[in-house]
Amino acid sequence: MRFWNIVQKDIILLVRDSRALFVLVVFPLVFITIIGLTTGKLLGWKNENQILKIGVIDKTDYDALEDETDRRKAHNIAMKIVNGVRGGKNQRGEMLEADSKFQESLENGNLDAVLEIGPEFYGICQTLEPEDASSSGSGVLQQGLTGLGMTLHSNLPETSGTRSVIEQLLFDLALKTVLPYVLCDKFHTSNVMVNVQIQRKLNCQKLRTEVVELRAPSEESTVSAGGDDMLYTVLIPSYTVMFVFFLINIMARSFLQERDLGTLRRLRFAPISDPGLVAGKTLPFLLISLVQTGLLFVCGKLLFGMIWGPMPWMLIPVIFATSLSATSLGLLVATIVRSDSQVSAYANIIVISMAGFSGCFMPRAWLPEPMQNGSLIFPHAWALMAYEQLLVKAVPDLGLVWQYCGVLMLFSAVCFAAGCWRFRYYD
Amino acid sequence: MSLLEVNRLKKSYGTHLAVDEVSFSVGNGEILGLLGPNGAGKSTTIMMLAGLIEPDSGNMMLDGGLLSHADRKSRQQMGIVPQDLAIYPNLTARENLRFFGGLYGLSGSELRSRITEVLSQTGLSDRQNDLTCEYSGGMKRRLNFGVALLHRPRLLILDEPTDGVGPQSRAHLLDCVRQLASEGMSVIYCSHYMEEVQELCDRVAIMDRGKLLACDRIDRLLGKLASRLRLHLVDASGELRARLTEIPGVTLQQCEDHLILSIATRNPEENQTLLETLTAVLHAVRDAGGKLTTVESDEPDLERLFLQMTGSRLRE
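Because the structure is a prediction, the values reported are computed rather than measured.

Caption draft 1: Layout of the overall build of chain A. Looking only at helices and strands, chain A has 16 helices and six strands in total. Counting the 427 residues in chain A, one finds 39% classified as buried.

This is the structure we're talking about:
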């Protein structure tokens, strides 16, 4: 375990290196804060007058639903409505307990309105026909929220414009949520080409002419992040991934310093093998990277209200795989660059280009498809996709997350092997 | 019995032969001086001993065991003081020693006591908790030296340990080396400072262009060189020159406005000859009215030996 001496030594040196700490921890936090300030969302800042505060109570009688599929579907619809309220740009939503005493919140202004999903809501949904969405329908939906078995509680006057806006907003949301289920139920399939049938059923000629594939509504069984929180939920992992890879610079400089100080040669005199030496020089940076990511995520949660997703424990393998790929790439780069100026020139360009190309500066979905596909050669892309699954998706696909981690581990193994091979000639 | 045996060690880089069948040995408690101009092959030899470079042929035996390139365990018995400083400036002296001690397998109370001993030995106890970037050059050199002593190596290799060091630190280091050798530690001492090597070493190995030119006790090597007595004369007339030329063992050399007269002396047995020659020369000078301005004695030393063997000065 002689390599552990090198690990301890390098950790001490890193902790004493204020430049490294600034680049790895302070700089990303400052960066995220600045972005937060420019979007006016630092610490959840927003003009309270512009935000509608809406609570949702789900009073669906799940026990009365005999079939498990119905119970799941009813819960799924309710969750979609809750998440729809939370996901709006100008509203803040929260899920309330079924027996919640919300009246006080309405009176003291903590909530503008409360949407109650009544016990009969799911039953009504089951009776709906596609035609009900049109003006020629049966008229159930003509009654607005009440027709769907939902009640709006608010202390706002009945004539208030705000109340009307809230009511319309929630009705649209409910309809948008329910209709896909209605369509899928009626066509007895989960994935159908609906254009022709809808046109025939609705007798409507104004629909788009191309065939539209309607996918079955996805599962949403838990409360997801709201719109304000989502900014940081996307921003923090993106910038964290970018700054994790800034470790390459610090690592390369550490190797160069070791060489220039002559201590590398002294380490090679010592009774320690080359793999032990490489492990000793690499492990501290992996540990620092893990601490860096953990710190940024904790700060993200405490300062910016970042949401860690429905499966926070799954972040651990992603964080580990990302940090490992950064340190392995760092080892390879460190054994290639020959001078400090090369680190400044090449390593920075590599790190920033990889980050930009992979989607650290903007959501990957915004990138053109060729860029999305091309960026898959970089570990950043895989890390970002894994974080997206865990933090943005209401129901992460764990199979995909493990697959992304596997790719990152493979990348790490290749870089580490190449780095070890290069290290034999590094002097 | 020798602690280290180096047998016909050879290393080449492409067509350049860096070390050409070099053989030498170092006994227990012996200090061997390794001399050679830049590019002589000293560093390559040291790197092969340290396991950094694999020799093309030849072998090295340490305490009777074969020292292979990949053998890290045997290197535990070696301490190497590199020419350039090899300490961490952002660690204190104690932290540097703790790190390198741990690397050589020391731990716990043994490590702590060795650190204390080495700090005292190198005169750094008072500044042990200061970052080494705040040290003077001499203090850094002493710490660089101390690091190699921590694990009590049986063979200590010093590569230019006093380069750029003030007289006080230099004297301290040389005293330390002497002390260690007296305690049984074998030392290979590479230096450009001839007087240091002459003062410190029992034997000297001289290398040039990859070859070992000589390896023997210093007195034996110097014994092969003649002493010279040089007299500087002015106003030397033609008559004086003619008389001096006739005296056996005298060589003349005109240097600008004065004449340099060299009388070779080799060993004590020739003292009588020297007396006769010198008497004849002085009589001739007095009789011809010449003026004797300077008398120099040119004793054999390593510098002259080196110059004679390699044809170049050490720092060239």
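Caption draft 2: Broad picture of the interface of chain B and chain A. Each partner contributes residues to the interface: chain B has 20 residues there, and chain A has 17 residues. Examining the composition of the side of chain B that touches chain A, we find that four residues originate from one element, helix H2 (residues 93-103) of chain B, more than from any other. Class assignment of the residues belonging to the side of chain B that touches chain A gives a composition of twelve nonpolar, three polar and five charged.

Caption draft 3: Local environment of the packing of helix H12 (residues 315-336) of chain A against helix H15 (residues 379-392) of chain A. Residue and element names in this part refer to chain A. For the pair H12 and H15, interaxial distance at closest approach is 10 Å and the crossing angle is 170°. The angle between H12 and H15 falls in the class roughly antiparallel. On H15, the residues that touch Leu 315, Val 318, Thr 322, Ser 325 and Leu 329 of H12 are Pro 379, Ala 383, Ala 386, Tyr 387 and Leu 390.

Caption draft 4: Geometry of the pairing of strand E3 (residues 113-117) of chain A. Residue and element names in this part refer to chain A. Counted residue by residue, E3 has five buried out of five residues, so it is predominantly covered. The two faces of E3 match: Ala 113, Leu 115 and Ile 117 on one face and Val 114 and Glu 116 on the other face are all buried. Of the strand pairs in this sheet, strand E1 (residues 52-58) and E3 are connected by five bridges, and their pairing is parallel. When the sheet's bridge partners are listed, Val 56 is paired in E3 with Leu 115. Where E3 meets strand E4 (residues 150-153), four bridges bridge the pair, whose relative direction is antiparallel. Paired with Ile 117 across the two strands is Met 150, which belongs to E4.

Caption draft 5: Inspection of the sheet that holds strand E7 (residues 155-159) of chain B at higher detail. All names here are of chain B. Taken together, the six strands give an open sheet; going across it, the order is E6-E7-E8-E3-E9-E10, and neighbouring strands pair in mixed fashion. Every interior strand has two partners, whereas the edge strands, strand E6 (78-81) and strand E10 (211-217), have only one. Strand after strand, the sheet turns through a mean of 15° between neighbouring axes, direction not considered. Across four bridges, the pairing between E6 and E7 is parallel. Bridging across to E7, Ile 80 finds its partner in Ile 157. Docked against the sheet, helix H1 (residues 42-50) engages strand E3 (31-35), E6, E7, strand E8 (186-190) and strand E9 (203-208), running at close to 150° with respect to E7.

What counts, and at which threshold
Residues numbered from 1 in each chain as written. Chains lettered and ligands numbered in written order. Predicted model: local features only at pLDDT ≥ 70, side-chain atom pairs only at ≥ 80, totals over all residues. Helix = DSSP H or I, 4+ residues; strand = E, 2+ residues; numbered from the N terminus. Buried ≥ 20, exposed ≤ 12 C-beta atoms within 10 Å, placed from the backbone. Contact = placed C-beta atoms within 7 Å. Nonpolar A, V, L, I, M, F, W, Y, C, P; charged D, E, K, R; others polar. Axes fitted to C-alpha atoms, helices over the stretch in contact; angles between N-to-C directions. Parallel < 35°, antiparallel > 145°, perpendicular 65-115°, else oblique. Pairing = 2+ DSSP bridges.

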